[in-house]
Amino acid sequence: MRLLSIERFGLEDIEQVAVKVLQACGNETIWLLDGAMGAGKTTFVKALGKVMGVLNNVQSPTFSIVNEYITADGETIYHFDCYRLKNTAEAYDIGVEEYLDSGYICLIEWPDRIEELLPESYVEIHISSLPDGFRKLEVLKKA
């Protein structure tokens, strides 16, 4: 089911887009971020962190695989970059299922690397670059 579609936006609009995505996703805690390398997934997560009141520095967890952020309200957000995972065993080694079952928002870049570990219900956020440098975003709910 499509929750939100934004056909064209620039990076100067990314915080407003993050607000709309946050509203569209409601109580969902598993957010899959899909897009080609350089599409803006981490940039979107930084904007999302800002609008959610994250206190610490939001950055790509490329080498750590998972970063933990705390909001001003004391909420925890987990940000995964699964690009470097070679197999499901590595995901188990970092305790991915505990994060997914935590009840906290889990933002997952490159979710195809852990597809078989994902719960039945989640939202997919597709970000794509347009030829003129703008972006397109679509949010889908899977249940």
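Residues numbered from 1 in each chain as written. Predicted model: local features only at pLDDT ≥ 70, side-chain atom pairs only at ≥ 80, totals over all residues. Heavy atoms only, no water.

So, on to the sheet that holds strand β2 (residues 30-34). The mixed open sheet is built from 7 strands, whose spatial order is β1-β7-β6-β2-β5-β4-β3. Each edge of the sheet is formed by a strand with only one pairing partner; in this case those strands are β1 (2-9) and β3 (66-70). Within the sheet, the average angular offset between the axes of one strand and its neighbour, ignoring direction, is 15 degrees. The pairing of β1 with strand β7 (residues 135-142) spans 5 bridges and is classified as antiparallel. Of the residues in β7, the one forming a bridge with R2 is L140. Sheet strands in contact with helix α1 (residues 14-25) are β1, β2, β6 (122-129) and β7, and its direction is about 170 degrees off that of β1. (Pairing = 2+ DSSP bridges. Helix = DSSP H or I, 4+ residues; strand = E, 2+ residues; numbered from the N terminus. Axes fitted to C-alpha atoms, helices over the stretch in contact; angles between N-to-C directions. Contact = heavy atoms within 4.5 Å.)

Taken together, the side chains of D34, D112, E115 and E116 present a region of like negative charge at the surface. Looking at where E115 falls in the secondary structure, it is placed in the loop between β5 (105-109) and β6. Its relative accessible area of 58% is what places E115 among the exposed residues. (Patch = residues over 30% accessible without salt bridge, like charges linked within 9 Å, V, L, I, M, F, W, Y side chains within 5 Å. Areas by Shrake-Rupley, 256 points an atom, 1.4 Å probe, with all protein chains shown as cover. Salt bridge = Lys/Arg side-chain N within 4 Å of Asp/Glu carboxyl O. Lys, Arg positive; Asp, Glu negative; His and termini not counted. Charge placed at Lys NZ, Arg CZ, Asp CG, Glu CD. Buried < 20%, exposed > 50% of the residue type's maximum accessible area, 1.4 Å probe, protein only.)

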